[in-house]
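# Topology and contacts: notes
One letter stands for each residue in the lines below.
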Amino acid sequence: MKYLIYLIFIFNSISIFSQQKIDTLYLSDSNKLVDKIDAVKYEIHAYKDSISGCGIVKLYSIEHHLISETEYINIKSIQSSHKFFTKNGFNRGYFDDGNIKYVYHYKLNKLDSIGKTYYNSGKTRSIFNYYDNKLNGSSKTFFENGQLQFDENYKDGNLHGDLKTYFENGTLKRYDVYDEGELISGHFYNEEGNEIEYVNYIINPEYEGGYSEISRFLSINLKYPRNMISMGIEGKVYISFTVKKNGDVDDVRILRSPHEELSKEALRIFNNLKAWKPGKKDGEFQDFKFSLPISFDLE
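A brief report on the enclosed structure follows. Predicted model, so just to flag it, every value in this text is computed and none were measured. (Residues numbered from 1 in each chain as written. Predicted model: local features only at pLDDT ≥ 70, side-chain atom pairs only at ≥ 80, totals over all residues. Heavy atoms only, no water.)

## What about the pattern of salt bridges?
This model, assessed by the stated rule, comprises 18 salt bridges. Of the charged contacts, one joins K155 and E180 as a salt bridge, the two residues approaching to 3.1 Å between their closest N and O atoms. Of this pair, K155 sits in strand β12 (residues 148–155) while E180 sits in the loop between β15 (172–179) and β16 (182–189), placing them 25 residues apart in sequence. K155 sits in the partly exposed class, given a relative accessible area of 36%. For the salt bridge of E265 with R268, the shortest nitrogen-to-oxygen distance reads 2.8 Å. (Salt bridge = Lys/Arg side-chain N within 4 Å of Asp/Glu carboxyl O. Helix = DSSP H or I, 4+ residues; strand = E, 2+ residues; numbered from the N terminus. Buried < 20%, exposed > 50% of the residue type's maximum accessible area, 1.4 Å probe, protein only.)

## Some thoughts on the packing of aromatic side chains
Taken as a whole and judged by the stated rule, the model has 14 aromatic pairs. A centroid spacing of 6.0 Å and a plane angle of 25° characterise the contact between F241 and F290, whose relative ring orientation is stacked. Placement of the pair is F241 in strand β20 (residues 235–243) and F290 in strand β25 (residues 288–296), with a sequence separation of 49 residues. Considered together, F241 and F290 belong to a single accessibility category, that of buried residues. Taken together through their ring pairs, the aromatic side chains of Y207, Y211, F241, F270, W276 and F290 make up a single cluster. K280 extends its terminal NZ or CZ atom over the ring of F285, reaching a point 4.7 Å from the ring centre. (Phe/Tyr/Trp six-rings, centres within 6.5 Å; stacked < 30°, edge-to-face > 60°. Lys NZ or Arg CZ within 6 Å of the ring centre and 35° of its normal.)

## Looking at the pairing of strand β2 (residues 41–49)
Pairing analysis gives six bridges linking strand β1 (residues 22–27) to β2, with the strands arranged antiparallel. In the sheet register, T24 faces β2, and the bridge partner there is I44. (Pairing = 2+ DSSP bridges.)

## As for the sheet that holds strand β18 (residues 202–203)
The strand order across the open sheet formed by three strands is β18-β23-β24, and the pairing between neighbours is antiparallel. Of all the strands in the sheet, just β18 and β24 (284–286) have a single pairing partner and so form its edges.

## Let's talk about the packing of helix α2 (residues 210–221) against helix α4 (residues 260–270)
For the pair α2 and α4, interaxial distance at closest approach is 11 Å and the crossing angle is 125°. The angle between α2 and α4 falls in the class oblique. You can see that α2 and α4 cross each other, and the crossing is right-handed. Facing F217, L218 and N221 of α2, the residues of α4 in contact are E265, R268 and I269. Its residues assigned to classes, the contact of α2 with α4 shows three nonpolar, one polar and two charged. (Axes fitted to C-alpha atoms, helices over the stretch in contact; angles between N-to-C directions. Parallel < 35°, antiparallel > 145°, perpendicular 65-115°, else oblique. Left-handed = near helix turned anticlockwise from the far one by under 90°. Contact = heavy atoms within 4.5 Å. Nonpolar A, V, L, I, M, F, W, Y, C, P; charged D, E, K, R; others polar.)

## Observations concerning unusual backbone geometry
Within the chain, S113 stands out as a residue other than glycine whose phi angle is a positive 80°. Take S113: it is sitting in strand β8 (residues 113–118).

## Let's talk about the sheet that holds β20
Spatially, the three strands line up as an open sheet ordered β21-β20-β25, and their pairing is antiparallel. Each edge of the open sheet carries a strand with a single partner, namely β21 (249–256) and β25. Averaged over all pairs of adjacent strands, the angle between strand axes in this sheet comes to 25°, irrespective of strand direction. Strand direction decides the pairing type here: β20 and β25, joined by nine bridges, are antiparallel. If you follow V243 over to β25, its bridge partner there is F288.

Set out below in structure tokens:
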């Protein structure tokens, strides 16, 4: 009997240890592992099961502000990139003051179920429905006063059915009908309720000369770091950025990179690009978020 109790005690101790395992990782701006003194952010990996890697990753600024927390089924603290992690469960983001910014749900790395975003005041900003990583069904966006702004419907990621938008006072601004992304009919109104010249719902930002001009600029000006060549390091640096409503580029970040040296060169060349022509949504200039891969090939 004592032997059986001893075995049970060992088993329970192992289970508790696996559930309580916690790791701290210090990261650079490009999500590479660095010493604490060089870090701009850090992660807490709290394992529910340290054997399978199931657990929660909490991301903090170096000033200890919680940025986000995400459930994974295979977190591995020896890896500095989430490239091989699988999101499965909640994904929550926060404002600097701790208020909730967004809540999404993932199923095996794909957006699934209802997603919500919030104003810093705590009021709901938007409600989206996802299935298999695509927008499906009703999606609504609200002004901070609670008035409905965008009333969209989607099918497999494409606008489908009625699309209605409103002014902040509640007056109808747009009434479009789509069929799987194709505009069937559209009407656009002013605040007095009079129909005016139609404007496309989405007008994306444009770079002068298009992406072919970006490719040409990169091919001429990109400088492959010599030490990277000698070490045989190549690959793509993925940069995310926002084209602001005035055409300026902001919030430039490295999403993924083979090496810090390649990240530095990618940022240098990216910051030398010309300004963009801003985009519009529903006739108003808006911020648009994009990502751009910059390739470093040895061949």
